[in-house]
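Here is how the chains run, residue by residue.
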Amino acid sequence: MANKYKAILLLLTLLLPLNGYTWGFFAHQRINRLAVFALPPEMIGFYKKHIRYITENAVNPDKRRYAVEGEAPRHYIDLDVYGDSALYNMPRFWQEAVDKYTEDTLMAYGIVPWHINRMKYQLTQAFKDRNVDRILRLSTEIGHYVADACVPLHTTQNYNGQLTGQRGIHGFWESRLPELFSDNYDFFVGQSSYIEQPQLKAWSLVASAHTALDSVLYLERELTQEFDEEKKYGFELRNNLTTRVYSRAFSEAYSKRLNGQVERQMRLAIQTVASYWYTAWVDAGQPDLRQLADLSEAELQQLEMEKKEYEQGNHIPREEGDG
Ligand SMILES: [Zn+2]
């Protein structure tokens, strides 16, 4: 009987999809929210006032991934497509990269570092224009892309371990682990700092993520060999659905072996998000944010509309739950 039960469980395990989306909605929201507290006194009042907006909308870029053409490649870069030393050889600036590889190729394999720089430029412009709607929208969204650039699995073609028999690892690393353990992370990151070279900074995020990639994959594989299949996974009730998840024991063991990696990458994201906001504001001539108006009625309606579109839309996530 026990064996039969085991077999059924195993079958269920194989049939059920693994749940996971992206830095999880959870981590994206947390990163944006905590970035507010790393801002200098001249900025923190305005951002605190809008902290709910900045937190809740942190995941909008993921929500429109399947609806808006050209959105998906903004979240990642498949560096390994460009060869072993891509991290060192890849042109850092958009035009040089286009000249070398063509825009079609870049769009096919992801553009996150260039997109961050573009957002920074637009955010600077929004500060210059004192345009509250744009400042909030762009601040919120650059936060999303910066966080994505800090995730190791956003820098590879093997983004969900699908090429190495580790399907599900994407959501495991960026959703499951932060959800389980981030209450114990130290998120005090100090104050934001001025970014001298926004484009190169975006690349340094990608570099830090990509350098961590080997251990993300290797350690999971190593651990899998030490765990029985039925101990590796478990079931949890989510939104009234029985969902297959990586078990708590497996998650704990993996987290331990990663030795603070998820925490480090989240801290890097928080500090860097605040620093891009700060840099855009400085480059715009440090406008007095206390003088700014509130979000316009039009922007509020627009947000409401986007939310509805998402809720009604047909947005079947790809099975990897990419973010
Ligand atoms: Zn994303």
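All of these numbers come straight from a predicted model, not from anything done at the bench. (Residues numbered from 1 in each chain as written. Predicted model: local features only at pLDDT ≥ 70, side-chain atom pairs only at ≥ 80, totals over all residues.)

Visitor: With reference to specific residues and values, describe the overall build of the chain.
Guide: Within the chain, the regular secondary structure consists of 16 helices and 2 strands. The 323 residues of the chain split such that 39% are buried. For the chain, the share of sequence-separated contacts (at least 6 apart) that also reach a separation of at least 24 residues comes to 79%. (Helix = DSSP H or I, 4+ residues; strand = E, 2+ residues; numbered from the N terminus. Buried ≥ 20, exposed ≤ 12 C-beta atoms within 10 Å, placed from the backbone. Contact = placed C-beta atoms within 7 Å.)

Visitor: Residues and numbers for the pairing of strand β1 (residues 233–238), please.
Guide: Note that β1 and strand β2 (residues 241–246) share 6 bridges and pair antiparallel. Looking at β2, one finds that E236 is bridged to T243. Taking the residues between adjacent antiparallel strands as the criterion, β1 and β2 are bridged by 2 residues, where N239 takes a positive phi near 45°. (Pairing = 2+ DSSP bridges.)

Visitor: Explain unusual backbone geometry to me, using residue names and the numbers behind them.
Guide: Peptide bonds are, in most cases, trans, and in most cases residues other than glycine have a negative phi. Even without being glycine, T102 reaches a positive phi, approximately 75°. On the secondary structure map, T102 appears in the loop between α7 (94–101) and α8 (103–109). Phi is positive for N239, close to 45°, though the residue is something other than glycine. In this fold, N239 is placed in the loop between β1 and β2. Classification of N239 as exposed rests on a count of 6 C-beta atoms within 10 Å.

Visitor: Residue-level account of the packing of helix α12 (residues 198–226) against helix α15 (residues 261–283), with values.
Guide: Between α12 and α15, the least distance of the axes is 12 Å, while the angle of their chain directions is 175°. On the basis of the axis angle, α12 is roughly antiparallel to α15. Here α12 contributes P198, L205, S208, A209, A212 and S215 to the contact with α15, which in turn contributes Q261, Q265, L268, T272, Y276 and T279. Per-class residue counts for the contact of α12 with α15 are 6 nonpolar, 6 polar and no charged. (Axes fitted to C-alpha atoms, helices over the stretch in contact; angles between N-to-C directions. Parallel < 35°, antiparallel > 145°, perpendicular 65-115°, else oblique. Nonpolar A, V, L, I, M, F, W, Y, C, P; charged D, E, K, R; others polar.)

Visitor: Describe the nonpolar core, and please don't skip the residues or the numbers.
Guide: In this structure, I31, V146, A149, C150, A269, I270 and V273 are the most contacted members of the largest nonpolar core, which totals 66 residues. Sorting elements by how many residues they give to this core places α15 first, with 12 residues. Sequence-distant contacts of C150, defined by excluding residues within four places in its chain, comprise L205, S208, A209, Q265, L268 and A269. (Core = buried A, V, L, I, M, F, W, Y, C linked by C-beta atoms within 7 Å.)

Visitor: Residues and numbers for α15, please.
Guide: For an α-helix the count is 3.6 residues per turn, leaving residues at separations of three or four pointing the same way. Helix length check: α15, at 23 residues, gives a terminal C-alpha distance of 32 Å against a target of 33 Å (1.5 Å per residue), a fit within 8%. In terms of residue burial, α15 counts as a mostly covered element, since 18 of its 23 residues are buried. A positive phi of about 90° marks G285, the residue just after α15. (Expected span 1.5 Å × (residues − 1).)

Visitor: Give a description of the environment of T55 that names residues and reports values.
Guide: Tracing the sequence through the fold places T55 in helix α4 (residues 51–56). Residues T55 and F25, spaced 30 residues apart in sequence, show a C-alpha to C-alpha distance of 9.9 Å. Those residues within four positions of T55 in sequence are excluded, and the remaining contacts are Q29, N32 and R33.

Visitor: If you had to explain the environment of T140 to someone new, which residues and values would you point to?
Guide: With respect to the helices and strands, the residue T140 is situated in helix α10 (residues 132–149). Separated by 108 residues in the primary sequence, T140 and N32 place their C-alpha atoms 7.0 Å from one another. The contact partners of T140, leaving out residues within four places of it in the chain, are N32, Y53, I54, N57 and A58.

Visitor: Can you break down the confidence of the model for the chain residue by residue, with the values?
Guide: Mean pLDDT for the chain: 90, with 89% of residues reaching 70 or above. Per-residue pLDDT stays below 50 along residues 316–323; that stretch engages in 22 contacts with residues further than four places along the chain or on separate chains. (pLDDT = per-residue confidence, 0-100.)

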